[in-house]
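Listed here are the chains, written in short residue letters.
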Amino acid sequence: MEKARQVLKTHFGYPAFRQGQEEVIASINAGVDTLAIMPTGGGKSICYQIPALLADGVTLVISPLISLMKDQVDALTNHGIAATYINSSLQEEEVRDRIEQAKMGSYKLLYIAPERLESERFMRLLQTLPIPIIAIDEAHCISQWGHDFRPSYRHISALLTRLPSRPVITAFTATATNEVAADIANLLNMTEANQFKAGFARENLSLHVLRGENKMKFLLDYLQKNENDGGIIYAATRKEVDQVYQLLKDKGYSVGRYHAGLSADERQRSQERFIYEEDQVIVASNAFGMGIDKSNVRYVIHYNMPKNIEAYYQEVGRAGRDGEPSECLLLFGPKDIQTQKFLIEQSQLEESRKQKEYEKLQAMIDYCYKTECLQSHILDYFGESSDKGCGNCSNCKDNRERVDITIDAQKIFSCIVRVKERFGISMIAQVLKGSKNKKVLQFQLDQLPTYGLLKNYTEKEISQLIHVLVAENYLMLTQGQFPVVKLLPRAIAVLKHGEKVLQKVQPQSTRSATEVDRPLFNALRKLRKELAQQENIPPYIIFADSTLNEMSVKRPTDESSMLNVKGVGEAKFKKYGVHFLQLLQQFTDHTTDEVDVQQKKERASHLISFDLFINGRTVEAIADERNIAVTTVKEHLLKSALEGEKVDLDALIETKYEAQILEKVAELGAERLKPLKEALPDEIDYFTIKAVLYKRESVQ
Ligand code: ADP
Ligand code: MG
């Protein structure tokens, strides 16, 4: 190891190894296959570069990104180390030339992209090289269960069997669960390999989850306070990247943007401007970051929840590579869950992989609802145990007393027992709230003894509490797009043995009941005025100020929670409810989590209408925006519902017709529409009939 230390000093100029590096290098030098899992910025490259320098022959490095390859080779050359790369950017002649040079021993390291291995000719060329070590960077790409599977990585196994003498196989990644690590070792045939997992905890990073923030406002405040620091803001969709970018630009920040919809040139420029600090902030999609070596990124803000913990930890890992304190903030809104589910459904993945993605997504959602140490949650996820909290994350720093919520938890658990573990979170919340929602009544859940047991909370608060109980392993959600809540042993212990449930209360539910949200209140007032003008009546006739105030505090999300607001009766709800609910929803998700414009082009027409609808637009507004008939929009939504999307059909059909239609259905059957239509009054159209039939059959 003395030699290794010397190389570290002379070639790289570093006085000491970082945590984990020494063991990994010693293992490789001893000729043992080695799998090293170290965090982003942990210094993995040196772990194979130093053994490469100490071995005879040329070490083959397989790396997924062409741009990164060139940087690495340039950096090595700068350190006085002979290295080169071969990828699709070279002419055939250059390739042969470099191979010749490699044969003659001109290089210590040769970087190649995995796609090269698809060429038979190239494989044969490689067989002629003396290769003592093969290093597979970003090795999680070989595993289907990893977060960035690349089929071309699978050719590595073929290469290994074809080399004249077996090199020492080494693999590196920042993000592998135990399952993925085992898969990597298996696929690379690394029997009896040493496995190292080094210090996943990044002590200089403080992790924060912020729930229920007005994201835009939060960003602006944050940037103002951290004016002199550089940081990355990640958003889930291109559209949102563009929106946030524009907002910050308009406010005069030096800001760049990066996403896959921009040309390679534009991306390159943005990246450089950020690295050279011409731009202080970069707003980016998850396409940004691989190979960003900028060491003084002071914060990484996630404007949306990312798709899984691997992706998240890799992205926040880009903060504070220099070891200085840096902040990682995740702005979580429940809408983010929908976006990610939507992206999974949209993807071309096989069913089994989709299920896996849902499972990973759930661990991410749990992270967002966690009330205990965030760092520990991540370490657990990667299979590294941690006994104590980090003391540095938003949960560890949350000094609020834990409250005994055993009684509420018991109510939730027993409600889940009563519904025989057959329903999702929103249904359980509705039952506990005592909602008169059609589905609740249809399934006669209002007859349950647990019906209305938590009526003092809003449905949203109940849902949140259930999410917390999921995150804390009392409950579990089945996989898939519409998960069902089930009890875990921890909940049984609470029900059967009276174990206590202690929790810090979630921010939303502790919000003071009198704290009026001014901007929201003003928006509600504006809407009230518009409606009043249409009807030519004074605004206060519609709703009193106090009613609007209460709406801004309670933020009802559906009919039953709206009816709980003082001053909203059935009649007024019928007349105005939809308008106010829409506005409230728009306000809750200040920006809409729509899919990329690009993606939308390929999306079926009815689903485009559906996207707009779940983002709070009325049928009329959608018809207007898309320049299609209202009836077409309705048909679109019904089609989406038939395909399994969650569409609130009640918002589309006149409830008074429902009974009439069902009566005729009982009489004439539901097989054919025409007889039904003819037997019903003219004003009941086909759409309404179809929608009612659909509702009648649909079971959550
Ligand atoms: P990873 O691939 O694990 O994300 P890199 O290999 O790119 O990380 O290393 C990240 C940064 O840390 C690089 O700038 C590298 O030069 C630096 N580095 C690596 N090892 C050491 C060390 N022992 N001492 C100081 N800096 C180091
Ligand atoms: Mg690396």
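Each residue is numbered by its place in its chain's sequence as written, counting from 1. The naming scheme follows written order: chains are lettered A onward, ligands numbered 1 onward. Totals for whole chains, interfaces and linings use all residues, but because this is a predicted model, local features are given only for residues with pLDDT of at least 70 and pairs of side-chain atoms are given and counted only at 80 or more. Water and hydrogen atoms play no part in the side-chain values, which are based on all heavy atoms of the structure.

**Q** Where do I start with the site of ligand 1 in this structure?
**A** Proximity is defined per residue: any heavy atom of the residue falling within 4 Å of a molecule or strand makes that residue near it. Ligand 1 sits among 15 residues. The nearest are Tyr-14, Ala-16, Gly-41, Lys-44 and Ser-45. Counted as a polar contact is a pair of N or O atoms within 3.5 Å, where, for protein atoms, one must be capable of donating a hydrogen and the other of accepting one, and residues adjacent in sequence contribute only when both atoms are in side chains. Here Arg-18 contributes a side-chain N or O atom positioned 3.2 Å from an oxygen atom of ligand 1. Throughout, the Shrake-Rupley method with a 1.4 Å probe supplies accessible areas, and for residues the shown protein chains are the sole cover considered. Notes on ligand 1: free accessible area 570 Å², of which the protein chains cover 78%. Side-chain classes are defined by residue name, with Ala, Val, Leu, Ile, Met, Phe, Trp, Tyr, Cys and Pro counting as nonpolar, Asp, Glu, Lys and Arg as charged, and the others, Gly among them, as polar. Across the shell around ligand 1, the residue classes tally to 5 nonpolar, 6 polar and 4 charged.

**Q** Please explain the sheet that holds strand 10 (residues 255–258) as it appears in this structure.
**A** Hydrogen bonds between backbone atoms are what pair the strands of a sheet, whose relative direction is either parallel or antiparallel. Strands are treated as partners if at least two bridges between them are detected by DSSP. Segments assigned H or I by DSSP are reported as helices when at least four residues long, segments assigned E as strands when at least two residues long, and all are numbered from the N terminus. With parallel pairing, 6 strands are arranged side by side in an open sheet as 8-13-12-9-11-10. Every interior strand has two partners, whereas the edge strands, strand 8 (205–211) and strand 10, have only one. Between one strand axis and the next, the sheet turns by 15 degrees as a mean value, whatever way the strands run. Judged from the 4 bridges that link them, strand 10 and strand 11 (residues 281–284) form a sheet pairing that is parallel. In the strand pairing of strand 11, Arg-257 is matched with Val-283. Should any heavy atoms of two residues lie within 4.5 Å, those residues are considered in contact. Only the stretch in contact is used when a helix axis is fitted, and all axes are lines through C-alpha atoms; the angle between N-to-C directions ranges over 0 to 180 degrees. Along the sheet, helix 10 (residues 238–250) contacts strand 9 (231–234), strand 10 and strand 11; its crossing angle with strand 10, the most-contacted strand, is approximately 170 degrees. Sitting on the sheet, helix 12 (residues 309–316) is in contact with strand 8, strand 9, strand 12 (299–302) and strand 13 (326–332), with an inclination near 145 degrees to strand 12.

**Q** Even after reading the chapter, I still don't get the pairing of strand 5 (residues 133–136), so can you show me in this structure?
**A** On any regular strand, side chains alternate: one points to one face of the sheet, the next to the other face. Burial along strand 5 is two-sided: the residues Ile-133 and Ala-135 and Ile-134 and Ile-136 are all buried. Pairing of strand 2 (residues 59–62) with strand 5 involves 3 bridges; the strand directions are parallel. When the bridges of strand 5 are listed, Val-61 appears paired with Ala-135. Relative to strand 6 (residues 168–173), strand 5 is paired through 4 bridges, and the arrangement is parallel. Bridged to Ile-136 within strand 6 is Ala-171. A crossover gets the label right-handed when its path from the first strand over the helix to the second runs clockwise, viewed with the strands pointing away from the viewer. Handedness of the β-α-β unit built from strand 5, helix 7 (residues 155–162) and strand 6 comes out right-handed. Exposure is judged per residue with a 1.4 Å probe applied to protein chains only, and the accessible area is read against the type maximum: over 50% gives exposed, under 20% gives buried, and values in between give partly exposed.

**Q** I'm lost on helix 17 (residues 425–433) in this one. Help?
**A** Helical geometry: 3.6 residues make up each α-helical turn, so side chains three or four residues apart lie on a common side. For helix 17, the buried fraction is high: 8 of the 9 residues fall into the buried class. Those residues of helix 17 lying buried are Ile-425, Met-427, Ile-428, Ala-429, Gln-430, Val-431, Leu-432 and Lys-433. On its buried side, helix 17 packs onto helix 16 (406–418), helix 18 (438–442), helix 19 (459–471), strand 15 (475–477) and strand 16 (485–487). Within two residues after helix 17, Gly-434 carries a phi angle of roughly 85 degrees, on the positive side.

**Q** Honestly, the nonpolar core in this entry has me stumped. Any pointers?
**A** Burial of nonpolar side chains together is a common tendency in soluble globular proteins. Core analysis: the largest hydrophobic core is formed by 112 residues, its most contacted members being Leu-188 and Tyr-367. Top contributing element to this core by residue count: helix 14 (residues 351–369), with 8 residues. Domain segmentation is taken from an automatic or database assignment of domains. Split by domain, the residues of this core number at least three in each of domain 1 (2–197) and domain 2 (205–381). With near-sequence residues (within four places) excluded, Leu-188 lies in contact with Ile-136, Ile-142, Ile-156, Leu-160, Ile-169 and Ala-171. Counting 31 residues, the second largest nonpolar core, distinct from the first, contains Ala-409, Cys-415, Met-427 and Val-431. We define the nonpolar core as a collection of buried residues of types Ala, Val, Leu, Ile, Met, Phe, Trp, Tyr and Cys that are connected through side-chain atoms lying within 4.5 Å of one another.

**Q** Looking at this model, I keep getting lost on the pattern of salt bridges. Mind explaining?
**A** Side-chain pairing between opposite charges can occur once the charged atoms of the two side chains come close. The rule for a salt bridge is simple: a side-chain nitrogen of Lys or Arg has to be within 4 Å of a carboxyl oxygen of Asp or Glu. According to the stated counting rule, one finds 29 salt bridges in the structure shown. A salt bridge links Arg-162 to Glu-120, with the shortest nitrogen-to-oxygen separation between them at 3.0 Å. Of the two residues, Arg-162 is situated in helix 7 and Glu-120 in helix 6 (residues 120–127); the sequence distance between them amounts to 42 residues. Taking relative accessible area as the criterion, Glu-120 reaches 39% and is therefore assigned partly exposed. Residue Lys-664 is joined to Glu-667 by a salt bridge in which the shortest nitrogen-to-oxygen separation is 3.7 Å. On the criterion of helical spacing, the pair formed by Lys-664 and Glu-667 is a turn pair, its members being 3 residues apart in helix 31 (residues 655–668). For Glu-667, a relative accessible area of 58% corresponds to the exposed category. A single salt-bridge network, built from bridges that share partners, covers Glu-2, Arg-5 and Glu-22.

**Q** Help me understand helix 12, please; the structure alone is not making it clear to me.
**A** Burial within helix 12 is extensive, with 8 of its 8 residues counted as buried. Looking only at helix 12, the buried set comprises Ile-309, Glu-310, Ala-311, Tyr-312, Tyr-313, Gln-314, Glu-315 and Val-316. Its buried side turned inward, helix 12 meets strand 8, strand 9, strand 12, strand 13, helix 14 and helix 15 (374–381). Among the residues of helix 12, the N-terminal cap falls to Asn-308, whose side-chain oxygen and the backbone nitrogen of Glu-310 are separated by 3.4 Å.

**Q** Before we go on, may I ask you to explain the environment of His-259 in this structure?
**A** Checked against the element boundaries, His-259 lands in the loop between strand 10 and helix 11 (264–275). Given the relative accessible area of 4%, His-259 is considered buried. For the pair His-259 and Lys-646, spaced 387 residues apart in the sequence, the C-alpha separation amounts to 30 Å. Sequence-distant contacts of His-259, that is, excluding residues within four places in its chain, are made with Arg-238, Val-241, Asp-242, Arg-267 and Ser-285. Among the polar contacts listed, one links the side chain of His-259 to the side chain of Asp-242, at a separation of 3.0 Å.

**Q** Whenever I open this one, the sheet that holds strand 5 confuses me. Can you help?
**A** The strand order across the open sheet formed by 7 strands is 3-4-2-5-6-1-7, and the pairing between neighbours is parallel. Pairing within the sheet leaves two strands with one partner each, and these edge strands are strand 3 (83–86) and strand 7 (194–197). With direction set aside, neighbouring strand axes in the sheet form an average angle of 15 degrees. Across 4 bridges, the pairing between strand 1 (residues 34–37) and strand 7 is parallel. Within the sheet, the bridge partner assigned to Leu-35 lies in strand 7 and is Gln-195. Together, strand 1, strand 6 and strand 7 form the strand contacts of helix 8 (residues 178–187), whose direction differs from that of strand 1 by roughly 155 degrees.

**Q** Looking at this model, I keep getting lost on the domain arrangement of the protein chain. Mind explaining?
**A** One widely used convention gives an interface's size as the accessible area the parts lose upon coming together. Here the protein chain is described as being made up of domain 1 (2–197), domain 2 (205–381), domain 3 (403–503) and domain 4 (519–600). Distance between the C-alpha centres of domain 2 and domain 4: 31 Å.

**Q** Which parts of the structure should I look at to understand the pairing of strand 1?
**A** Residues of strand 1 alternate between two faces, with Thr-34 and Ala-36 on one and Leu-35 and Ile-37 on the opposite face, all of them buried. In this sheet, strand 6 lies alongside strand 1 in parallel orientation, the contact comprising 4 bridges. In the sheet register, Thr-34 faces strand 6, and the bridge partner there is Thr-170.

**Q** Teacher, can you tell me more about unusual backbone geometry here?
**A** With the exception of glycine, the majority of residues adopt a negative phi angle, and the majority of peptide bonds are in the trans configuration. A positive phi is found at Asn-189, a non-glycine position, where the angle reads about 55 degrees. Structurally, Asn-189 is set in the loop between helix 8 and strand 7. Phi at Gln-444 takes a positive value of approximately 55 degrees, unusual for a residue other than glycine. In this fold, Gln-444 is placed in the loop between helix 18 and helix 19.

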